[in-house]
Amino acid sequence: MKSNNYCFLFIILIFALSCSEKKQAAVKEKQATTVLVQPFKDLNSESLNFVTSEIKKIYPNVKVLEAIDFPENAYYEERNRYRADSVIKFLNKETKERFVTIGLTSKDISVTKGKIKDFGVMGLGYRPGKACIASKFRLNKKNADEQFFKIAIHELGHTQGLKHCPEKTCFMRDAEGKNHTDEETDFCKKCKTFLINKNWKFKSI
Ligand SMILES: [Zn+2]
Ligand SMILES: [Zn+2]
């Protein structure tokens with residue numbers, strides 16, 4: 001064979017490789033998880049829009065669903081709260097593969113924590129899993145929506161498999177029954193690297 005033929009074959013090979021790469025990228029894109037924002041009917045549209053647009057800055061593949069009522073079995077009448085564990089169980093059942101649902105509410109939510117039967121929380125999520133919830137109820141009035149976003153992104157982090165993080169400024173910091181969200185500024189490098197592998201986008205790490 002003449003060297004020209006080798007060159008020709010080489011070009012075909014490169015072309016075939018680049019096609020399969022493109023195909024793989026398309027498949028990956030198709031398989032990428034979609035975050036479904038599920039507001040409950042109590043939530044105002046301002047909070048919903050703010051949290052959604054902040055999530056989109058780091059995870060663009062987001063869809064907002066129509067607002068719904070809480071599942072009846074989640075209501076805890078004694079304290080006028082909704083059981084976060086029941087709610088995420090419900091959301092998880094409604095969520096198909098390659099989707100993750102985050103419930104957003106301004107109502108108080110709670111879970112059983114050790115010996116405390118009904119402990120009020122700001123959020124709860126499976127780690128890893130397809131569902132989580134964030135509540136605005138326990139947040140400071142003056143910058144509630146900003147804090148609300150931080151709770152939401154923390155719970156979404158759990159659904160991706162992230163554990164609590166020792167970094168004080170990281171969104172994955174353990175609340176330990178308090179609200180430290182004003183000290184949190186971003187995901188730390190380690191948590192970002194973990195999320196980048198799950199298709200999350202960050203301007204810097
Ligand atoms: Zn957590
Ligand atoms: Zn971290």
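Before reading on, note that the structure itself is shown above.
The following refers to the structure shown. What you see is a predicted model, and the numbers here were worked out from it, not measured in a lab.

Things to note about the coordination of the zinc ion (ligand 2)
Taken together, Cys 165 (SG), Cys 170 (SG), Cys 188 (SG) and Cys 191 (SG) make up the full set of protein donors to the zinc ion (ligand 2), lying 2.3 Å away. Coordination at the zinc ion (ligand 2) is tetrahedral: its four donor atoms span angles of 104 to 117 degrees at the metal. Here the donor residues of the zinc ion (ligand 2) share one chain and are spaced in sequence as C-x4-C-x17-C-x2-C. Taken as a pair, Cys 170 in the loop between helix H4 (144-159) and helix H5 (189-196) and Cys 191 in helix H5 lie far apart in primary sequence, 21 residues in all.

Points about H4
With 16 residues, H4 should cover 22 Å at 1.5 Å per step; its first-to-last C-alpha distance of 23 Å lies within 8% of that length. For H4, the tally of buried residues reaches 15 of 16 residues, placing the bulk of the element in the interior. A positive backbone phi angle near 110 degrees is found at Gly 161, which sits one or two residues after H4.

So, the environment of Thr 112
In this fold, Thr 112 is placed in strand E6 (residues 109-113). Through-space distance from the C-alpha of Thr 112 to that of Asp 85 is 8.5 Å; in sequence the pair is 27 residues apart. Among the polar contacts made by the side chain of Thr 112, one reaches the side chain of Arg 83 at a distance of 2.8 Å. From its side chain, Thr 112 meets the backbone oxygen of Lys 117 in a polar contact 2.8 Å long.

Looking at the pairing of E6
Bridge count between strand E4 (residues 81-83) and E6: two bridges; the pairing is parallel. By the bridge assignment, Tyr 82 is partnered in E6 with Ile 109. The pairing of E6 with strand E7 (residues 116-121) spans four bridges and is classified as antiparallel. If you follow Ser 110 over to E7, its bridge partner there is Gly 120.

Focus: the layout of surface pockets
One number sums up the size of the largest pocket: a volume of about 580 Å³. Around the largest pocket, the lining comprises 27 residues; the ones closest to its centre are Val 121, Gly 123, Asp 174, Ala 175 and Glu 176. Among the elements of the structure, E6, E7, strand E8 (123-125) and H4 are those that each provide at least two residues to the lining of the largest pocket. If one sorts the elements of the lining of the largest pocket by residue count, H4 sits on top with five residues. The residue inventory of the lining of the largest pocket, partitioned by class, reads eight nonpolar, 10 polar and nine charged.

Some words on the nonpolar core
Ranked by size, the top nonpolar core spans 34 residues in total, and within it Ile 102, Leu 104, Ile 153, Leu 156, Phe 187, Cys 191 and Trp 200 carry the most contacts. Elements with a minimum of two residues in this core: strand E1 (34-39), helix H2 (45-58), strand E5 (99-105), strand E9 (131-135), H4 and H5. Per element, the largest residue contribution to this core is seven residues, and it comes from H4. Beyond its immediate sequence surroundings of up to four residues, Leu 104 is in contact with Val 37, Gln 38, Pro 39, Phe 40, Leu 43, Leu 48, Val 51, Ala 134, Phe 148 and Ala 152. Of all hydrophobic cores here, the second largest spans 13 residues; its members include Phe 40, Ala 74, Tyr 82 and Ile 88.

Basis of the calculations
Residues numbered from 1 in each chain as written. Chains lettered and ligands numbered in written order. Predicted model: local features only at pLDDT ≥ 70, side-chain atom pairs only at ≥ 80, totals over all residues. Heavy atoms only, no water. Donors = N, O, S within 2.8 Å, 3.2 Å for Na, K, Ca; no water. Tetrahedral: all angles 85-135°; square planar, octahedral: opposite > 155°, others 65-115°. Helix = DSSP H or I, 4+ residues; strand = E, 2+ residues; numbered from the N terminus. Expected span 1.5 Å × (residues − 1). Buried < 20%, exposed > 50% of the residue type's maximum accessible area, 1.4 Å probe, protein only. Polar contact = N/O pair within 3.5 Å; in protein donor to acceptor, adjacent residues only side chain to side chain. Pairing = 2+ DSSP bridges. 1 Å grid on protein atoms, 1.4 Å probe; cavity = no way out; pocket = protein on both sides within 12 Å on 5 of 7 lines; lining within 4 Å. Points joined across faces, edges and corners; volume = space filled by probe spheres on them. Nonpolar A, V, L, I, M, F, W, Y, C, P; charged D, E, K, R; others polar. Core = buried A, V, L, I, M, F, W, Y, C linked by side-chain atoms within 4.5 Å. Contact = heavy atoms within 4.5 Å.

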